[in-house]
Structure formats: C-alpha cells, structure tokens
Amino acid sequence: MTSPLEQKKIKIAGPSVVTANRTWDGIVVYRTAAKSWSADLSEAAIVRNSDEAKALLAESVADDVGAIGPYIAPVQVGADGKVQPGNLREQIRRSGVTIGQPAQV
Amino acid sequence: MYAYDEIDRTLVNERVSEFRDQVKRRLSGELTEDEFKILRLQNGVYLQLHAYMFRVAIPYGTLATNQLRALAHVARKYDRGYGHFTTRQNIQFNWIKLAELPDALADLAKVGIHAMQTSGNNMRNVTSDQWAGVAPGEIEDPRIWSELIRQHTTLHPEFSFLPRKFKIAITASDHDRAAIKIHDIGLRLIKNEKGETGFEVLVGGGLGRTPFIAKTIKHFVHGRDILSYIEAILRVYNQYGRRDNIYKARIKILVHELGIEKFSREVEDEWQHIRNPSLQIDDEVIEDIRSRFTYPAYEKLPHMPDELRQAAADPDFEAWRKNSVAPHKVQGYSIVTISLKPTGGPPGDATAEQMDALADLVDKYSFGEIRVGHEQNLALPHVAKRDLPALWKALDKLGLATPNVNLITDIIACPGLDYCSLANARSIPIAQELTRRFANHELANLIGRLHINISGCINACGHHHVGHIGILGVEKNGEEVYQITIGGRADENAALGTLIGPGVKFDEVADVVEDIVEAYLALRERPEELFMDTVRRLGVEPFKERVYATR
Ligand code: HEM
Ligand code: SF4
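Quick caveat: nothing in here was measured; it's all calculated off a predicted structure.

1. A look at the overall build of chain A
Phase 1 of the analysis: Across its full length, chain A carries two helices and five strands.
Phase 2 of the analysis: In sequence order, the secondary structure elements of chain A are arranged as β-β-β-α-β-β-α.
Phase 3 of the analysis: Within the span of chain A, comprising 105 residues, buried residues form 43% of the whole.
Phase 4 of the analysis: Long-range pairs, those at least 24 residues apart, make up 56% of the contacts in chain A with a sequence separation of at least 6.
Phase 5 of the analysis: Counting every atom, chain A has about 5,300 Å² of accessible surface; 53% of that belongs to carbon and sulfur.

Now the structure itself:
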C-alpha cells in the first residue's frame, strides 16, 4: 500500500480522488468535498492538479478516526460527468472481488 | 488432540480484553492508526482492499471439532459466510469489521483459538506436518516439539521484536509435507546412533523477493538442546540482522551474505556460550507435553474391510480414494485429505455450512480431530477404512470430494488482487480458470502429480517459486502480466523454478499452462515419469520452445 508519506511529492496525471478504508468497518470510502467520507465514488471530491490533490490528502490524513490509509487514486470522468475508477485495483476496490464468493455460489 | 493448560487460557483471555480496550480507544480517536497498527497486527488484523482481514492461528494445523464450529460461527456471524485456509496453517476472514473483532476474538478464545503470532515481526506459529502423529514411518510426533518451541517463544521478548517475521517448520517424516526448506528455520526430526531424538537444523530458507532454499547448519542437535540452539541462531540474527532495510531483514539474506560456514561458526560460538544446563530441556517437560497430545483408542481392524472391497467397484469412489486416501500408521485406518479445490472455486475457501457439516463428519469418522495442511486442504487423520465409502458419499454431498489431491487442479494460490492490498495482479481467477481447463479428472490423473502455485506479487504467499509450475503476477503499464517458472518444488528435494520466458497476459495464462502440459505429455518417456522428472531430464528448453513458438 502506498503510504501518504511516500506521496509527499504529489504528481497526478489526470483527475483523481482520495480513497481510504473506513475505520470502524474497513469498507472502501472516498473523500467528499464536504470534508467527510462516502462509500459512493460519485460523491468523491475530484482533484485535477497537484496542489488540490495535496490539500485533499492532507485534510484526509488528518481525519484519522474516520478512515485509514488515505491515498490518491486515479479516476476517469466521462463526458456525462460519470466517475469511474482509473485502474483495475481501484475497480476491484469499488465493485468487489472479480470472482464468485463461495457463500454465494 | 492437544489440551492447553491454564496459563495459555488465561493469556488468551487477557489478550482479548486488552484488544477490546484498544479497539475502543481507536474508535474513539484516543489512539491514532499509527499507534494502533502494531497492536492490531499483533492480533492478526490486517487491512486489505475491501475490509480488515483477520488471521487466526491453527497451531501445527490441528483442530478439534468445537474449534472448527467456532470458525464456522465467526464466518457466519462476523464475516460473509466463509473463511480462507492459508499455506501456513492459518485461516483468514476477509470481511471483518474492526468494531466487531473483539467479539469474534472472544468467541474464538472460548475454544482456545487466538490470533497471536500470525503477523508482525515476531516468531510466527510453528508449522508442522499435517499428518503428524499418524503418518507411517514417522520417527516421532513432531507437534510435541512444535509445542515446546511455541511455549518457549510465545511473547518471549527476544522473539517478539525481531528484525523481521520469523517462521519455523518441523517434519519427522522422510517425505517433507511441512516445506521446511522454505522456512527461516527448518527442523527435521531424526534419531542418532544411540536412538536419541534430535534434529537436523536447516536455516535461511524463504521465498519472497529473494528466494533461498534453506541450508543445513548442523546435522544433529540433541532434542534437549534444541531451544538453546534456536536461541543461538536468533541471537546471531538479532545481532547482525538488517533492521534498516525491510527487504534485507530476513535471516535468509544474512545467511547468504555471511555464508553458511561463517554463519554456523557464529551460531556455534554463541551456542557454546549460552548452552548451560539451565537451558536444557528436562525430560519431564517433554513428557508433560507428550502427555497432552492424545491419540484415539484405535480398534483392531482388518486391513481390507468388506465395505472397501465392495465400494471398489464404483469408479467414482475409486477415483477419489486413489488421490485422497493415504496409509495410516495403524492398520485398518487411513488419512483422508479433503480437497478445498473444487472445479471453478477459489482454492482454500470453505463456507460456514461446509465447516459445520464437516465438523459433524469429523466427530463421526475421525475421532473429533481435523488437520490443516500447507497445500490449503484439510485432512481427517483417523478414518477407519470401513467408513471410507460412507465418508466419501457425505463429503461428495458437501462438494468436498473433488478427486484432485496432488493433481494439476490442486492449486495453491494467494488472495491476489481480489483481496490483497499489496497485490499487482489477480491470482484466484487464474486458479479458477485452470481448474475448469483441467476439470476432466481422467485427464488430470493421466498427467499425474503436478503442483501449480500462484502469487499475486513478489511476496510469494502462493509459493510460486517452488511450484512445479509457478505463476507470478506482476504489473506492467497498468496491465496484469504473469511470469511462468517451471521445475520448482517444496518437498525434501526443494528447488526454485526457472523462468521460461517473457511474461504473458491474464487471458493467456491457462493456454500457456496447457502448452506446458501438452509438451510434457509428448516428452515423457513413460506414463510414470512425472512432470518434475521430465523437467529434470530435459531442462526448461523444450517447454520454452513449445510455449513461445506460437507467441
Ligand atoms: C491477504 C493478505 C496477505 C498479506 C497482506 C500478506 C503479506 C505478506 C508479505 C508482505 C509477505 C512477505 C514477507 C517477507 O518476505 O518478509 C508474505 C509472505 C508470506 N505469506 Fe502472505 N500475505 C497475505 C496472505 C497470505 C495468504 C492467504 C497466504 C497463504 C495462502 C500467505 C502465505 C505467506 C507465506 C507462506 C509467506 C512466506 C513466503 C516467504 O517464505 O518469504 N499469505 N505475506
Ligand atoms: S503474494 Fe502478494 S498478492 Fe499474494 S497475498 Fe501475498 S502479498 Fe498479497
């Protein structure tokens, strides 16, 4: 996992969000513009340059009771404004495992 | 079975209330994640992609049925109805909520199960042969010694803050089912000329980024001296071990850099220094531990009961028996391996229903005892041969009678990118696809013994280096790419596999494995020549040619 410390020199290649895991239950959450966390990617604050990313990350790191391990993750924003995860890892974090879970199959 | 004493029980209960308090303080914000992380890791709690992951120890892989039921209960109540058996005699739950973890730990503590030594830079749970105590030809039950080492090292300050995690495995059979050569310390139980119990001590094995096969450091250490000898190894390691660099901190690196001769000299010096009578183990201590391992009251049974003779007419039963049933040290009994590798399923997973139903079968047919092995399968250690047909029918109903033990679909795979935050690529879907490709058990039998191991990153939790065919997932330009090795093995002749060429894409992995298998079937001199033997005879070249000729 990439720790926020390693991301000190923040460079982003495109639209990004801050994501983490909610402290009490561990589920995947995204930092919102309202300085809170949401399990819904569409509610995530989107940052588009390094300064914005840095500020959003700093604020997220400070909210240590809310969520743990925050880091910047790429997203794709469609023409319709719809936000999608920017890579496979984030896709899996959002949509869950790519395999059937035994208790369900 | 093994009966814990009062001290252990008190310790386990204290740990639960301590952790409950820590979780409370964490959730209230009194503890930061930085402060809490080391505490949760000491209790087996990792953070994964979707949730916290909770790893529970199954010491030397032995479980009683009340413990198996408790695991089923945790899976059902606090998780999503299943658990994942790992290669190190642990079980992992993938969807645990931090707020509920203290309750889960408390429920497990009631049956003596805990999560100590499943993570962190300490002495991990000592693993052993899953057939310990029942394998024919075994010198002595290795779990007695696993337990001795466990007692000595649990929470021992010198072993709790090591440069890195530390893993020990013990075997007492010629055929090594505990993979001792890929552990930090591997112990092979032997007898000297006087008939006294002792160990060949191997050191410096491990996989990960820099894989090494363990080397023998001493050919015989007397049983009564084994603790002081291990302590001497750990002292040398503690003194030299690289705490500054996480990748170089394992003992395998130290052994490699110092060389085995120098390392053994250092250990020998240290050992002579600390080896005083107070560190010698009294016979009574060993006898006390020995007396806590109880064996069932076996009956005198025929070698070939009528039930078995009759069932032999059923080819489905025979297919299962041939792969899953192994000889037992007591006549009339067998060791039964339960495959957790159903066609299309994730390797090593078991549902709460399966665990509960299995617990009933274990009570009925295996004197209430079940084992967990490093191949991510389970074993029933004491099944009367006359019960085999009935057991098979019951297992089959539960989806637990896949006749593929030790065959190509008996795949070891780590959680990979579906669960693991460190992963570069997925492992489980690759395993699933391979089990579908080779779902024809006749074909799998024709191929014979062939182990496939898959890891989703270089940490090598799926032991890909020692797979007959090893598959390592890496990431290249945002895409999953898989490197294929052949010729590795994890047993007494442990060896690291050789890379056959450039990595291949997710969709191609199963095709590549098919090519390798086809090449093997064409190249083998006779049906008894196993894949490993063909690779040894011919090297990787012909396989490489076959795989890359058309790619
Ligand atoms: C899903 C969460 C897991 C995480 C975060 C994790 C993490 C790691 C890491 C970081 C290492 C390398 C340590 C080192 O080289 O010092 C490692 C090694 C290992 N893991 Fe895991 N692991 C996970 C799951 C598993 C599972 C499910 C298994 C069994 C199937 C497993 C078995 C092992 C083994 C046997 C090693 C030792 C390899 C060696 O000898 O170096 N791990 N793990
Ligand atoms: S090998 Fe890598 S991906 Fe697989 S479980 Fe271990 S750390 Fe995770």
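2. Focus: the packing of aromatic side chains
Residues and elements named next belong to chain B.
Phase 1 of the analysis: Tallied over the entire structure, the rule returns 13 aromatic pairs over all chains.
Phase 2 of the analysis: Seen in terms of ring centroids, Y298 and F367 are 6.1 Å apart; in terms of plane orientation they differ by 75°. Their pairing is edge-to-face. Of this pair, Y298 sits in the loop between α10 (283–292) and α11 (306–311) while F367 sits in the loop between α13 (352–365) and β14 (369–372), and the two are 69 residues apart along the sequence.
Phase 3 of the analysis: Where Y333 meets F367, the ring centres are 6.3 Å apart and the plane angle is 45°; that geometry is what we call tilted. Pair noted here: Y333 is in strand β12 (residues 333–338) and F367 is in the loop between α13 and β14, with a separation of 34 residues, a long-range link.
Phase 4 of the analysis: By relative accessible area, which is 2% here, Y333 ends up buried.
Phase 5 of the analysis: Under the relative-accessibility criterion, F367 is labelled partly exposed at 39%.

3. Remarks on the site of ligand 2
Phase 1 of the analysis: Close to ligand 2 lie B:C414, B:P415, B:G416, B:C420, B:L422, B:A423, B:S455, B:G456, B:C457, B:N459, B:A460 and B:C461, which account for all nearby residues.
Phase 2 of the analysis: Tallied by class, the residues present in the shell around ligand 2 amount to eight nonpolar, four polar and no charged.

What counts as what
- Residues numbered from 1 in each chain as written.
- Chains lettered and ligands numbered in written order.
- Predicted model: local features only at pLDDT ≥ 70, side-chain atom pairs only at ≥ 80, totals over all residues.
- Heavy atoms only, no water.
- Helix = DSSP H or I, 4+ residues; strand = E, 2+ residues; numbered from the N terminus.
- Buried < 20%, exposed > 50% of the residue type's maximum accessible area, 1.4 Å probe, protein only.
- Contact = heavy atoms within 4.5 Å.
- Areas by Shrake-Rupley, 256 points an atom, 1.4 Å probe, with all protein chains shown as cover.
- Phe/Tyr/Trp six-rings, centres within 6.5 Å; stacked < 30°, edge-to-face > 60°.
- Near = heavy atom within 4 Å.
- Nonpolar A, V, L, I, M, F, W, Y, C, P; charged D, E, K, R; others polar.

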